[in-house]
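Commentary on secondary and tertiary structure
The chain contents come next:
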2 protein chains.
Amino acid sequence: MDHAYLVADNVYLQLRYQRYAIGIIGHFFQRPPKRIRRFSQNKKDISRKDAKNRNRFTPRRNSLWIPLGRNYADYKKGEKDRMKILMTGGAGFIGTNLCNELRSRGNKVIACDLYNTDRDDYIRCDVRNYRQIEKVFEEHGSFDYVYHLAAEYGRWNGEAYYENLWQTNVIGLKHILRLQEKHKFRMISFSSAEVYGDYEGEMTEAVMVENKIKDTYQMNDYAISKWAGELMCLNSAQMFGTETVRVRPVNCYGPHEEYTPYRGFIPKFIFHCLHGKPYTVYKGHKRIIDYVEDTCKTFANIVDNFILGEVYNVGGRSEWEMDIKEYSDLILEATGANKSLVTYREAEPFTTKVKTMDFSKAVRDLKHNPEVDPREGIKRTVEWMKWFYRI
Amino acid sequence: MDHAYLVADNVYLQLRYQRYAIGIIGHFFQRPPKRIRRFSQNKKDISRKDAKNRNRFTPRRNSLWIPLGRNYADYKKGEKDRMKILMTGGAGFIGTNLCNELRSRGNKVIACDLYNTDRDDYIRCDVRNYRQIEKVFEEHGSFDYVYHLAAEYGRWNGEAYYENLWQTNVIGLKHILRLQEKHKFRMISFSSAEVYGDYEGEMTEAVMVENKIKDTYQMNDYAISKWAGELMCLNSAQMFGTETVRVRPVNCYGPHEEYTPYRGFIPKFIFHCLHGKPYTVYKGHKRIIDYVEDTCKTFANIVDNFILGEVYNVGGRSEWEMDIKEYSDLILEATGANKSLVTYREAEPFTTKVKTMDFSKAVRDLKHNPEVDPREGIKRTVEWMKWFYRI
């Protein structure tokens, strides 16, 4: 009876959640697709190129067995508590929004970040220190998924505080990978569109595979550290079979992004406008921005659409592309700030003029579907900043 | 009269040392070559691709003025004390040999490394700590050249001790770059042929420019850290005009390489043979090895043939390529060890079978000319190891 119950439950879970779900009958007959089967019959021939396709088939998640790191009792709590997730950098900008999104879907999310906070389901942990991450696993047990967001962010921040950058973005990630090899959780590793360097064509994910090396020489330590991190994920998958999806967010903005001089142009302009501080706009730079709540829906969808080894650009709609000056104009309008705050200058040195990104892969695999356009998103961000800075 | 003396001396120095020396008459008429001139007239247009060519012309070194960081009195000491050089990692394997070579040419060389030693012209300095490097500059003043060899070496060492690897190879290098931006010395930065990943074709320096990114995905943290370091050198040159030559040594071996389990196959085999310890030989891996005294002559030649922004593979003659088993046989012969120490296995996983390197650029620019063939080099290395380990 118990077994029947387990099976029925499994069928439900498969139909509800699994990408390759084929039901309980199929379970006993299921075989990998032909192309994949070839690889598993001759493991020695698996090169990195093949490994990606091989990983597209994920039998463990299609089996009767419940996912690793969870027990049946946990499952029985039902849909409302369906995945146990660790979020490093969980008190940061994207981390805070992503915690909200994943929790609203009924997942159990433990956040960790650099400092002690007043938050629930939160634990202080600096990913530069292996012991502190290990302690999180000791206290909370294993996780189904780890969203690894903890990072030093931004090119100028990375140039100024390069010790912190490398220790966090690379050594911290390696700590997580070592724990992944041990605990076998699935990871979503956060990279950046900066890995494309000053590539001038359309940035599809394939650029970092097929293009010439010189096309994407990374231009600063932040970018180099993010590309180094991606290679480390690929190597760990190759050598230890760890399961990771990489994402490259592009100009994400919105609530919970506290201003520092190293932030992107949107929070910078808004903060300056709200505080009557002058700022500079470099002309001739085009960008697509993406409202964080949209981005986080896509990131949260990865749990239901996890394709091992894949990498995704995630950003706004290409039809939303605007000149940075136009964004500044929207912000001046939304904040009602004095237009004389702005100084206009010619193109900024060492900064890409136009970044044309392709997001079709995230649309296809992750149901990426940005809905909040820049005008609306900026309005909401201004409201949040007014609230946060008590203006 | 003093001026005439200075000019005469300068002519001599130019003729003796400078790549582009054109004598005292030419000095007053010299202009950059046409293509270069264009760049300096329109600095805004200098892209990374152009920067390399621009840097080939080095007017500072052709002028009447003596090189930066030295004074005339230093020069007057004559040829015997011609350059002031800092060598990080100067107590290591290549560092020790390179100090010997550069000193034998009359240069003033200060070595630094992790530990206190009994050596002269040596100062303890861990490049992970900015303060300790800065202290070297405070105590010894500026340098004409810095050979930056301090690094965690080897793929398995890097996987086991990745914290040390990233802190030394990347943060340490960045410290040096920051000091270079300030003190304007010329740097020779030591990378590795590991940056080519498991590229299967002939590894020319152009591979890391023109080839597809996937061709050279670096396979381990050591390799990634070395490629990250190269990009950091390029970026610093681009943004701050620092002057660096990168080198990629390949399977260098010889005296002063103390054995650890993370060393290459040559010292490993010799050490095991001398101590009667068994070892494993993986069949079907071909390598070219390069005797360290030959390599160091080439590295020392860079001072006289410094072409900004260049990068060089440095290794043995392609006609010396052998199977690792053949090297093992030579070592068994040279040490007289019992042949039963060796276990033969099939190809090692995650390790490139054949590495075909091209060294013609180093031959052309740096007068690279390996003379000690593997049979002779291994004999000398065995002698050194016998002496070092008191066998």
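Secondary structure assignment for chain A yields 17 helices and 15 strands. In chain A, which comprises 391 residues, the share counted as buried stands at 56%. If you take every contact in chain A between residues at least 6 apart in sequence, the share linking residues at least 24 apart comes to 75%. Taken as a whole, chain A presents about 17,300 Å² of accessible surface, with 51% of it coming from carbon and sulfur.

Take a nonpolar patch on the surface next. A grouping of Trp156, Tyr161 and Tyr262 of chain A is seen on the molecular surface, where their side chains present a nonpolar patch of about 300 Å² in accessible area. Along the polypeptide, Trp156 of chain A turns up in helix H9 (residues 155–160).

For the rest of this paragraph, the subject is the environment of Val311 of chain A. Residues and elements named next belong to chain A. Note that Val311 resides in strand E12 (residues 311–314). C-alpha separation for the pair Val311 and Glu205, spaced 106 residues apart in sequence, amounts to 6.9 Å. Contact partners of Val311, with chain neighbours within four places excluded, come to Glu205, Glu230, Arg246, Arg248 and Lys361.

Residue and element names in this part refer to chain B. Taking strand neighbours across the sheet as the criterion, the 7 strands line up as E3-E2-E1-E4-E5-E7-E12 in an open arrangement whose pairing is parallel. Two strands lie at the open edges of the sheet, namely strand E3 (122–124) and strand E12 (311–314), each paired on one side alone. Neighbour to neighbour, the strand axes of the sheet diverge by 20° on average, direction disregarded. In terms of strand pairing, strand E5 (residues 186–190) meets strand E7 (residues 243–249) through 5 bridges, oriented parallel. Opposite Ile188, over in E7, you have Val245 as the bridge partner.

A separate point is the nonpolar core. Trp166 and Tyr196 of chain A together with Trp166 and Tyr196 of chain B are the most contacted members of the largest nonpolar core, which has 88 residues in total. For Tyr196 of chain A, the residues in contact, after removing those within four places along its chain, are Met203, Thr204, Glu205, Val207, Met208, Asp215, Thr216, Arg248, Asn313 and Met357 of chain A.

Attention now goes to the relation of the copies chain A and chain B. Under the fitted operation, chain A is carried onto chain B by 0.0 Å of movement along the axis and a turn of 180°, and the coordinates agree to an RMSD of 0.0 Å. Expressed as a symmetry operation, the mapping of one chain copy onto the other fits a two-fold axis. The overlap is high: 100% of the interface residues of chain A also sit at the interface in chain B, so the same surface is used on both sides.

Residues and elements named next belong to chain B. Two elements in contact, helix H8 (residues 130–140) and helix H10 (residues 162–183), have axes separated by 10 Å at closest approach and are oriented at 35°. You can see that H8 and H10 cross each other, and the crossing is right-handed. Across the interface between the two elements, Tyr130, Ile133, Glu134 and Phe137 from H8 touch Gly172, His175, Ile176, Arg178, Leu179, Lys182 and His183 from H10.

Glancing now at the pattern of salt bridges. Counted by the stated rule, this structure contains 48 salt bridges over all chains. With a shortest N-O distance of 3.9 Å, Glu293 of chain A and Arg380 of chain A are connected by a salt bridge. Separated by 87 residues along the polypeptide, Glu293 of chain A in helix H14 (residues 292–301) and Arg380 of chain A in helix H17 (residues 374–388) bring together distant segments of the chain. The partly exposed category is assigned to Glu293 of chain A, whose relative accessible area is 36%. Taking the relative accessible area as the measure of exposure, Arg380 of chain A reaches 33% and is therefore partly exposed. For Arg82 of chain B, the salt bridge goes to Asp304 of chain B, with nearest N and O atoms at 2.4 Å. Highlighted residues: Arg82 of chain B in the loop between helix H6 (72–76) and strand E1 (84–88) and Asp304 of chain B in the loop between helix H14 (292–301) and E12, separated in sequence by 222 residues. We classify Arg82 of chain B as buried; its relative accessible area is 8%. Shared partners join several salt bridges into a network, and the residues in it are Glu159 and Asp221 of chain A together with Lys174, Arg178 and Glu181 of chain B.

Okay, the packing of aromatic side chains next. This structure, assessed with the given rule, holds 35 aromatic pairs over all chains. Ring geometry for Phe137 of chain A versus Phe143 of chain A: centroids 5.4 Å apart, planes at 90°, classification edge-to-face. This pair shows no difference in class: Phe137 of chain A is buried, exactly as Phe143 of chain A is. Ring geometry for Trp387 of chain B against Phe388 of chain B: centres 6.4 Å apart, planes inclined by 55°, an arrangement best described as tilted. Classification of Phe388 of chain B as partly exposed rests on a relative accessible area of 26%.

Turning next to the pairing of E5 of chain B. Residues and elements named next belong to chain B. Within E5, 5 of the 5 residues are buried, which leaves the element mostly enclosed by the surrounding structure. The two faces of E5 match: Arg186, Ile188 and Phe190 on one face and Met187 and Ser189 on the other face are all buried. In this sheet, E5 lies alongside strand E4 (residues 145–148) in parallel orientation, the contact comprising 4 bridges. Bridge pairing in E5 places Tyr145 opposite Arg186.

Between helix H12 (residues 221–240) of chain A and helix H12 (residues 221–240) of chain B, the least distance of the axes is 10 Å, while the angle of their chain directions is 160°. As the angle between them shows, H12 of chain A and H12 of chain B are arranged roughly antiparallel. You can see that H12 of chain A and H12 of chain B cross each other, and the crossing is right-handed. Together, Asp221, Ile224, Ala228, Leu231, Met232 and Asn235 of chain A of H12 of chain A and Asp221, Ile224, Ala228, Leu231, Met232 and Asn235 of chain B of H12 of chain B make up the contact between the two elements. Here the residues of the contact of H12 of chain A with H12 of chain B are counted per class, giving 8 nonpolar, 2 polar and 2 charged.

Let us now look at the environment of Phe265 of chain A. Residues and elements named next belong to chain A. Secondary-structure assignment places Phe265 in helix H13 (residues 265–274). Classification of Phe265 by relative accessible area gives buried; the value is 15%. Here the alpha-carbon distance between Phe265 and Tyr279, two residues 14 residues apart in the chain, equals 10.0 Å. Apart from residues no more than four positions distant in its own chain, Phe265 is found in contact with Asn251, Arg287, Ile289, Ile324 and Tyr327.

Residues and elements named next belong to chain A. An order of E3-E2-E1-E4-E5-E7-E12 is seen for the 7 strands of this open sheet, with the pairing classed as parallel. At either margin of the open sheet sits one strand with a lone partner, and together these are strand E3 (122–124) and E12. The average undirected angle you get between the axes of adjacent strands in this sheet is 20°. Pairing of strand E1 (residues 84–88) with strand E2 (residues 108–113) involves 5 bridges; the strand directions are parallel.

Residues and elements named next belong to chain A. Phi at His256 takes a positive value of approximately 75°, unusual for a residue other than glycine. Its place among the elements puts His256 in the loop between strand E8 (252–253) and H13. Of note, Lys367 is a non-glycine position whose phi angle comes to about 55°, a positive value. Considering the arrangement of structural elements, one finds Lys367 in the loop between helix H16 (360–366) and H17. Using a relative accessible area of 54% as the deciding quantity, one classes Lys367 as exposed.

Glancing now at the side chain of Asp290 of chain A. By the element assignment, Asp290 of chain A lies in strand E11 (residues 290–291). Once residues lying within four places of it in the same chain are set aside, the contact partners of Asp290 of chain A are Val250, Asn251, Cys252, Tyr253, Thr295, Val314, Gly315, Gly316, His368 and Pro370 of chain A.

To continue, consider helix H15 (residues 324–335) of chain A. What sets the pattern is the α-helix's 3.6 residues per turn: residues three or four places apart point alike. Residues and elements named next belong to chain A. Taking 1.5 Å of rise per residue, the 12 residues of H15 would be expected to cover 16 Å, and the 16 Å separating its terminal C-alpha atoms lies within 8% of that figure. Among the residues making up H15, those that are buried are Ile324, Tyr327, Ser328, Leu330, Ile331, Leu332 and Thr335. Lining the buried residues of H15 we find H13, strand E9 (279–282), strand E10 (286–287), strand E13 (322–323), strand E14 (342–345) and H17. For H15, the N-terminal capping position is held by Asp323, with its side-chain oxygen 3.0 Å away from the main-chain nitrogen of Lys325. Taken from the residues just after H15, Gly336 is the one with a positive phi, measuring 70°.

Moving on, we get to the environment of Val170 of chain A. Considering the arrangement of structural elements, one finds Val170 of chain A in helix H10 (residues 162–183). For Val170 of chain A, a relative accessible area of 0% corresponds to the buried category. Apart from the residues within four sequence positions on either side, Val170 of chain A is in contact with Leu165, Ser225, Ala228 and Met232 of chain A together with Trp166 of chain B.

Procedures and definitions
Along each chain, residues carry numbers from 1 onward, in the same order as the chain's sequence is written. As a convention, the first chain written is A and the first ligand written is 1, with the rest following in written order. Side-chain atom pairs in this predicted model are given and counted only at pLDDT of 80 or more, local residue features only at pLDDT of at least 70, and totals for whole chains, interfaces and linings cover all residues. Note that water and hydrogens are dropped before the side-chain values are worked out from all heavy atoms of the structure. Strands are runs of DSSP state E lasting at least 2 residues, helices are runs of H or I lasting at least 4, and numbering of each runs from the N terminus. Per-residue accessibility, obtained with a 1.4 Å probe over protein chains only, is compared with the maximum for each type, and a residue is labelled buried under 20%, exposed over 50%, and partly exposed between these values. Residue contacts are counted whenever heavy atoms from the two residues lie within 4.5 Å of one another. Areas reported as accessible are Shrake-Rupley estimates using a 1.4 Å probe. Residue values count occlusion only from the protein chains shown. The residues that make up patches have over 30% relative accessible area and no salt bridge, and they are joined within 9 Å when like-charged or within 5 Å when they are Val, Leu, Ile, Met, Phe, Trp or Tyr. A pairing counts as a salt bridge when a side-chain nitrogen of Lys or Arg comes within 4 Å of a carboxyl oxygen of Asp or Glu. A pair of strands is considered paired only if DSSP assigns at least 2 bridges between the two. Axis lines are fitted through C-alpha atoms, for helices just across the contact stretch, and the angle between N-to-C directions can take any value from 0 to 180 degrees. Buried residues of nine kinds, namely Ala, Val, Leu, Ile, Met, Phe, Trp, Tyr and Cys, make up a nonpolar core once their side-chain atoms join them within 4.5 Å. Alignment of copies: least-squares fit on C-alpha atoms of residues with pLDDT of at least 70 in both copies. In this scheme the handedness of a crossing depends on how the near helix is turned from the far one: anticlockwise by less than a right angle means left-handed, clockwise means right-handed. To pair, rings of Phe, Tyr and Trp, with the six-membered ring standing in for Trp, must have centres within 6.5 Å; the planes then decide the type, stacked if under 30 degrees apart, edge-to-face if over 60, and tilted in the middle. An angle below 35 degrees is treated as roughly parallel, one above 145 as roughly antiparallel, one from 65 to 115 as roughly perpendicular, and anything else as oblique. Each residue gets one of three labels, nonpolar for Ala, Val, Leu, Ile, Met, Phe, Trp, Tyr, Cys and Pro, charged for Asp, Glu, Lys and Arg, and polar for the others, Gly among them. Given the number of residues in a helix, its expected span is that number minus one, multiplied by 1.5 Å. Polar contact criterion, stated in full: a pair of N or O atoms within 3.5 Å, where within protein one must be able to donate a hydrogen and the other to accept it, and residues adjacent in sequence count only if both atoms are side-chain atoms.

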